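So you can see what is in the structure, the chains are spelled out below.
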2 protein chains.
Amino acid sequence: MSTTMPRPVTDAAALINAPRLRAKLAAAGIDVLLATAPENSYYLSGVFIRTQISIRERLALVIWPLDAAPTFVVCNIEESLARAEGSIADVRTYVEHAETPMSRVVDVLNERGLGRLRIGIERNYIPASAFEELRRGVPEADFVGADALIESVRSVKTEAETSRITDAFLRTEAAIRDAWGRSGAGDTEKTVADRMLFSMLGHGASGLRHMTLASGENTVHAHMTPADRRLRPGDTVLTDTGAHFYGFSSDMARMGIVGTPTKERMDEYTRYREVYVELLHFIRPGITAADVYAHCNAAYATAGLPMTSPHVGHSLTRMAGHENPILHPGCDLPLEAGMLLAVEPSFKPRPDQRYHIEDLVQVTETGSRILTDWSSTDRMIEFAAGSR
Amino acid sequence: MSTTMPRPVTDAAALINAPRLRAKLAAAGIDVLLATAPENSYYLSGVFIRTQISIRERLALVIWPLDAAPTFVVCNIEESLARAEGSIADVRTYVEHAETPMSRVVDVLNERGLGRLRIGIERNYIPASAFEELRRGVPEADFVGADALIESVRSVKTEAETSRITDAFLRTEAAIRDAWGRSGAGDTEKTVADRMLFSMLGHGASGLRHMTLASGENTVHAHMTPADRRLRPGDTVLTDTGAHFYGFSSDMARMGIVGTPTKERMDEYTRYREVYVELLHFIRPGITAADVYAHCNAAYATAGLPMTSPHVGHSLTRMAGHENPILHPGCDLPLEAGMLLAVEPSFKPRPDQRYHIEDLVQVTETGSRILTDWSSTDRMIEFAAGSR
């Protein structure tokens with residue numbers, strides 16, 4: 001517990017890539033951005049209102065005019081937090097159940113003279129009913145989908161963001177190694193997962209984002225809850241996990257082995273990992289996300305590995321949600337310097353066995369920089385063959 | 001760690017209140033229910049696909065015809081889990097990024113001859129873009145909002161659901177007392193929160209749902225991340241927390257005090273708690289949610305307490321999300337036997353002090369039954385005045 005703790009965000013405004021946002025809004029002819037999705041309203045306000053997710057109808061919305069100060073609309077229950085941690089001075093509230101969030105948004109749009117302009121909305125997030133209410137409230141507005149625009153703004157991280165996200169990954173990686181080093185045959189998956197979480201908390205996490213911890217045949221499920229299956233000598237162990245570190249989150253995967261791997265397991269892992277490392281080093285600006293997928297596909301074919309991943313990585317929000325560019329065959333977005341990618345091809349040689357590694361890569365001006373300790377994945381992490 | 005662990009759900013179909021669902025669909029003239037929101041597709045399928053929340057565009061949808069077997073549409077990445085844990089035999093998949101979830105839904109509706117019928121959708125969840133795609137795909141369908149209908153089905157729990165949710169609350173309560181009993185002045189909020197989480201894991205949780213752990217002036221924020229503020233003698237401590245226990249979750253609040261309370265604090269807590277207990281016992285079938293709020297409002301007025309809560313409790317999904325009936329002034333839904341309510345009025349006597357308790361209450365045929373250990377809240381839980 002002696003690790004230095006990550007600090008709450010106190011520089012929210014400095015974390016926004018505001019020039020990129022303004023340029024893209026102007027280029028799209030959008031006068032006002034209305035951000036409703038949690039990753040977007042958090043990005044623009046600097047405060048993560050977690051009930052946006054756990055109590056989904058409690059919307060927190062940012063109204064972001066191209067040429068004027070933004071307004072933050074939150075449930076009155078969250079007002080004190082919005083004022084204490086957020087970077088937006090103009091906070092408006094609604095009383096949940098008595099008024100809808102969108103009614104307050106309509107008030108603000110009309111009051112600020114924004115109701116007849118071109119408004120960018122998240123068509124992939126805004127619920128059908130809320131969108132109807134908005135259209136009724138400002139019937140003369142021109143609505144345009146801005147999902148891709150804001151995602152594209154967020155995908156190029158500021159230096160401060162990169163630093164915080166990298167920190168979250170490194171703490172997670174340390175926690176995995178710490179917990180696995182104290183685990184072995186006879187432990188249940190749940191026991192190992194609990195140790196990992198506790199170690200992440202000790203490394204400064206405020207909570208878990210996701211936890212896959214699977215052994216043996218359970219490795220084939222992508223997102224199974226850690227079960228009471230006990231580790232046995234010879235099992236592979238797979239984790240895909242992440243935690244929240246005061247507003248910035250991780251998402252990474254590592255493989256383990258209980259005791260000494262059989263030659264078959266070792267060969268499978270080594271062949272997979274060689275392709276993986278080549279893929280990490282293939283990342284560079286100018287190529288598209290689909291190019292990376294195609295390269296991975298070809299490398300799998302050359303190595304004689306079956307290719308089963310619909311995507312092999314993704315950019316990520318501060319909370320480690322997937323965002324574009326996503327490394328799949330249909331994504332023609334170019335990689336740009338400053339983007340972060342979680343690279344994660346998967347390998348399933350048999351119906352009862354899957355391998356998975358995931359690292360964080362930064363696209364630089366000239367190529368890429370791997371921000372996590374990829375070199376340590378040259379072997380699967382060893383669990384004790386006997387109970388420790 | 002000797003607690004008996006909760007078990008994964010193996011009786012998913014038995015957990016659905018199918019007669020209530022069929023009766024309400026028939027009464028509304030709905031031929032097919034299309035469930036997209038996580039709480040609904042989980043309820044109907046029996047498998048919680050957590051990437052529905054963490055990777056939001058990865059929709060998991062249940063097509064539930066009134067008179068025929070349902071179909072489950074999931075991302076191919078989640079197929080093995082859907083088949084292993086779910087109760088729906090007909091699982092269809094889409095390849096994310098290559099095809100949209102809704103394109104597969106449209107295929108199924110047309111293939112099964114359901115595309116010209118009256119289809120119930122969740123207007124408060126389905127994203128505007130997905131709804132447009134659905135309308136284009138089955139242009140002759142008649143769409144009707146079914147948000148309230150399915151919520152109303154879920155709100156009356158089966159016995160098995162009640163048993164599992166109660167179990168989740170009781171484990172949470174035990175974990176709070178365990179962790180607080182080992183904490184005291186000098187501990188940071190984060191240290192206490194970490195102990196609570198670890199204790200919840202020890203009591204069988206697979207992960208945290210939410211964690212508010214605030215002390216002193218931080219108690220006024222509804223949902224602040226536990227901070228590095230250290231507990232001081234005389235501080236009140238507030239938690240509102242919950243965890244996931246293999247598919248069923250908790251949401252409860254308790255108050256603590258560091259050392260011996262001042263008379264002022266003790267009086268505040270006692271006055272608040274008397275109203276709270278009266279409210280717990282006021283719950284009964286036949287009255288409306290708004291009646292409960294009005295009763296609470298009147299009781300606060302009689303006791304001379306300021307009323308600042310926009311709602312004073314709520315029904316809850318299996319994952320402990322808020323659902324109707326919600327105890328607020330505008331909710332005229334009647335309470336019915338079999339409903340569970342998390343009752344949680346709040347009390348804020350000053351700008352730097354808030355009190356909050358939350359218990360689980362079952363509406364019975366004749367009144368109510370409090371399922372958590374409300375009687376132990378007669379005093380705030382004591383933290384050691386010195387570091388332990």
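Structure's up top.
Residues numbered from 1 in each chain as written. Chains lettered and ligands numbered in written order. Predicted model: local features only at pLDDT ≥ 70, side-chain atom pairs only at ≥ 80, totals over all residues. Heavy atoms only, no water.

Colleague: Hey, could you go over the overall build of chain A for me, with residue numbers and the actual values?
Modeller: Helix and strand counts for chain A stand at 11 helices and 17 strands. Against the compact-globule benchmark of 21 Å for 388 residues, chain A has a radius of gyration of 23 Å, which places it among compact chains. Projecting the C-alpha coordinates of chain A onto the three principal axes gives extents of approximately 70 × 40 × 35 Å. The 388 residues of chain A split such that 63% are buried. Partitioning the contacts of chain A with sequence separation of at least 6, the portion at a separation of at least 24 is 68%. Positive and negative side-chain charges in chain A, numbering 41 and 50 respectively, have mean positions lying 2 Å apart. (Helix = DSSP H or I, 4+ residues; strand = E, 2+ residues; numbered from the N terminus. Rg over C-alpha atoms; globule rule 2.2 N^0.38 Å. Buried < 20%, exposed > 50% of the residue type's maximum accessible area, 1.4 Å probe, protein only. Contact = heavy atoms within 4.5 Å. Lys, Arg positive; Asp, Glu negative; His and termini not counted. Charge placed at Lys NZ, Arg CZ, Asp CG, Glu CD.)

Colleague: Tell me about the sheet that holds strand S10 (residues 313–316) of chain A, and please be specific about residues and values.
Modeller: Strand pairing in a sheet relies on backbone hydrogen bonds. The paired strands run either parallel or antiparallel. Residues and elements named next belong to chain A. In space, the 5 strands of this open sheet follow the order S11-S10-S12-S15-S16, with antiparallel pairing throughout. Looking at strand neighbours, the two that pair on one side only are strand S11 (322–326) and strand S16 (368–370), the edges of this open sheet. Taken pair by pair, the neighbouring strands of this sheet meet at an average axis angle of 40 degrees, ignoring direction. In terms of strand pairing, strand S15 (residues 359–363) meets S16 through 3 bridges, oriented antiparallel. Its bridge partner lying in S16, Val-363 is registered against Ser-368. In the packing of helix H7 (residues 147–155) onto the sheet, the strands contacted are S10, S11 and strand S12 (340–343), and the crossing angle to S11 comes to about 90 degrees. (Pairing = 2+ DSSP bridges. Axes fitted to C-alpha atoms, helices over the stretch in contact; angles between N-to-C directions.)

Colleague: Could you give an account of the packing of aromatic side chains, with specific residues and numbers?
Modeller: Considering all chains together, one arrives at 17 aromatic pairs over all chains under this definition. Measuring from centroid to centroid gives 5.5 Å for Tyr42(A) and Phe48(A), while their planes differ by 70 degrees, and the two rings are edge-to-face. Summarising the aromatic geometry, the rings of Tyr272(B) and Tyr276(B) are spaced 6.2 Å apart at their centres and angled 35 degrees between planes, so their arrangement reads as tilted. Separated by 4 residues within a single helix, Tyr272(B) and Tyr276(B) lie in helix H10 (residues 263–282), roughly one turn from each other. Given the relative accessible area of 0%, Tyr272(B) is considered buried. Through successive ring pairs, a cluster of aromatic residues spans Tyr269(A), Tyr272(A), Tyr276(A), Phe347(A) and Tyr355(A). Taking NZ or CZ as reference, Arg135(A) lies 4.3 Å from the ring centre of Phe131(A), over its face. If you follow Arg318(A) out to its NZ or CZ, it ends over the ring of Tyr42(A), 5.3 Å from the centre. (Phe/Tyr/Trp six-rings, centres within 6.5 Å; stacked < 30°, edge-to-face > 60°. Lys NZ or Arg CZ within 6 Å of the ring centre and 35° of its normal.)

Colleague: I'd like a description of the packing of helix H2 (residues 38–45) of chain B against helix H7 (residues 147–155) of chain B, backed by residues and values.
Modeller: Residue and element names in this part refer to chain B. Where H2 meets H7, the closest approach of the two axes is 11 Å, and the angle between their N-to-C directions is 55 degrees. In terms of their interaxial angle, H2 and H7 are classed as oblique. Relative to H7, H2 is oriented so that their crossing is left-handed. Every residue of H7 that contacts H2 at Glu-39, Asn-40, Tyr-43 and Leu-44 is listed here: Ile-150, Val-153 and Arg-154. Tallied by class, the residues present in the contact of H2 with H7 amount to 4 nonpolar, 1 polar and 2 charged. (Parallel < 35°, antiparallel > 145°, perpendicular 65-115°, else oblique. Left-handed = near helix turned anticlockwise from the far one by under 90°. Nonpolar A, V, L, I, M, F, W, Y, C, P; charged D, E, K, R; others polar.)

Colleague: Break down unusual backbone geometry for me, with residues and values.
Modeller: Here the bond from Asn324(A) into Pro325(A) is cis, since omega is 0 degrees, no more than 30 degrees from zero. Structurally, Pro325(A) is set in strand S11. Here Tyr246(B), not a glycine, exhibits a phi torsion of approximately 50 degrees, which is positive. As for its placement among the helices and strands, Tyr246(B) is situated in the loop between strand S8 (236–245) and strand S9 (248–249).

Colleague: Talk me through the side chain of Glu344(B); I want residue IDs and the actual numbers.
Modeller: Inspection of the secondary structure assignment puts Glu344(B) in the loop between strand S13 (340–343) and strand S14 (346–350). No salt bridge is formed by the buried Glu344(B); its nearest oppositely charged neighbour, Arg58(A), is found at 6.4 Å. For Glu344(B), the side chain forms a polar contact with the side chain of His356(B), separated by 2.9 Å. Not counting chain neighbours up to four residues away, the residues in contact with Glu344(B) comprise Asp240(B), His311(B), Val312(B), Gly313(B), His314(B), His322(B), His356(B), Ile357(B) and Glu358(B). (Salt bridge = Lys/Arg side-chain N within 4 Å of Asp/Glu carboxyl O. Polar contact = N/O pair within 3.5 Å; in protein donor to acceptor, adjacent residues only side chain to side chain.)

Colleague: Can you break down the state of the cysteines residue by residue, with the values?
Modeller: Taken as a whole and judged by the stated rule, the model has 0 disulfides over all chains. Free of any disulfide, Cys331(A) has its nearest cysteine sulfur in Cys296(A), 15 Å distant. (Disulfide = S-S within 2.5 Å.)

Colleague: Any details on the sheet that holds strand S4 (residues 90–94) of chain A? Residues and values, ideally.
Modeller: Residues and elements named next belong to chain A. On the basis of which strands lie adjacent, the open sheet formed by 6 strands has the order S4-S3-S2-S1-S5-S6 and mixed pairing. The open sheet is flanked by S4 and strand S6 (142–145), the only strands paired with a single partner. Looking at each pair of strands side by side, their axes are set apart by 25 degrees on average, direction ignored. Sheet analysis places strand S3 (residues 71–75) next to S4, joined by 5 bridges and oriented parallel. Across the sheet, residue Phe-72 finds its bridge partner in S4, namely Val-91.

Colleague: Could you give an account of the pairing of S15(A), naming the residues involved and the relevant values?
Modeller: Residue and element names in this part refer to chain A. For S15, a buried count of 5 out of 5 residues is recorded, marking the element as mostly surrounded by other parts of the structure. Burial of S15 is two-sided: the residues Asp-359, Val-361 and Val-363 facing one way and the residues Leu-360 and Gln-362 facing the other way are all buried. With antiparallel pairing between neighbouring strands as the criterion, S15 and S16 make up a hairpin whose turn holds 4 residues.

Colleague: With reference to specific residues and values, describe the relation of the copies chain A and chain B.
Modeller: When chain A is fitted to chain B, the residual RMSD is 0.0 Å, and the transformation amounts to a turn of 180 degrees plus an axial shift of 0.0 Å. Such a combination of turn and shift is consistent with a two-fold rotation axis. Comparing interface residues between copies, 100% of those in chain A also lie at the interface in chain B; the contact surface is shared. (Least-squares fit on C-alpha atoms with pLDDT ≥ 70 in both.)

Colleague: I'd like to hear about the packing of helix H1 (residues 18–27) of chain B against H7(B), residue by residue, with values.
Modeller: Residue and element names in this part refer to chain B. It is at 9 Å that the axes of H1 and H7 come closest, and there the two elements cross at 155 degrees. Between H1 and H7, the angle is such that the two are roughly antiparallel. Relative to H7, H1 is oriented so that their crossing is right-handed. Counting all contacts with H1, which are made through Arg-20, Leu-21, Lys-24 and Leu-25, the residues of H7 involved are Leu-149, Ser-152, Val-153 and Ser-155. The residue makeup of the contact of H1 with H7, split by class, is 4 nonpolar, 2 polar and 2 charged.

Colleague: Requested: an account of helix H9 (residues 189–202) of chain B, with residues and values cited.
Modeller: Here H9(B) spans 20 Å end to end across 14 residues, near enough to the 20 Å set by a 1.5 Å rise per residue. Listed as buried for H9(B) are Glu189(B), Lys190(B), Val192(B), Ala193(B), Asp194(B), Met196(B), Leu197(B), Ser199(B), Met200(B), Leu201(B) and Gly202(B). Where H9(B) is buried, its residues touch helix H9 (189–202) of chain A together with helix H8 (159–181), strand S7 (207–215), S8 and strand S18 (381–383) of chain B. Gly204(B) occupies a position one or two residues after H9(B) and carries a positive phi of about 110 degrees. (Expected span 1.5 Å × (residues − 1).)

Colleague: How would you summarise H9(A) if you had to cite specific residues and measurements?
Modeller: In terms of burial, H9(A) is a largely internal element, 11 of the 14 residues being buried. Next to the buried residues of H9(A) lie helix H8 (159–181), strand S7 (207–215), strand S8 (236–244) and strand S17 (381–383) of chain A together with H9 of chain B.

Colleague: Give a detailed account of the side chain of Glu358(A), specifying residues and quantitative values.
Modeller: All names here are of chain A. By the secondary structure assignment, Glu-358 is in the loop between strand S14 (353–356) and S15. Despite being buried, Glu-358 has no salt bridge partner; Arg-209 is the closest side chain of opposite charge, sitting 7.9 Å away. At 3.4 Å, the side chain of Glu-358 and the side chain of His-314 are in polar contact. If sequence neighbours within four positions are ignored, Glu-358 has contacts with Asp-240, Asp-251, Met-252, Ala-253, Arg-254, Tyr-276, His-314, Ala-342, Val-343 and Glu-344.

Colleague: Tell me about the pairing of strand S5 (residues 118–121) of chain A, and name the residues and values.
Modeller: Residue and element names in this part refer to chain A. As defined by bridge partners, strand S1 (residues 32–35) adjoins S5 across 2 bridges and the pair is classed as parallel. Within the sheet, the bridge partner assigned to Leu-33 lies in S5 and is Gly-120. Each parallel crossover has a hand, and for S5 linked through helix H6 (residues 128–137) to S6 it is right-handed. (Right-handed = clockwise from strand over helix to strand, strands pointing away.)

None of the figures reported here should be taken as evidence of function without further support.
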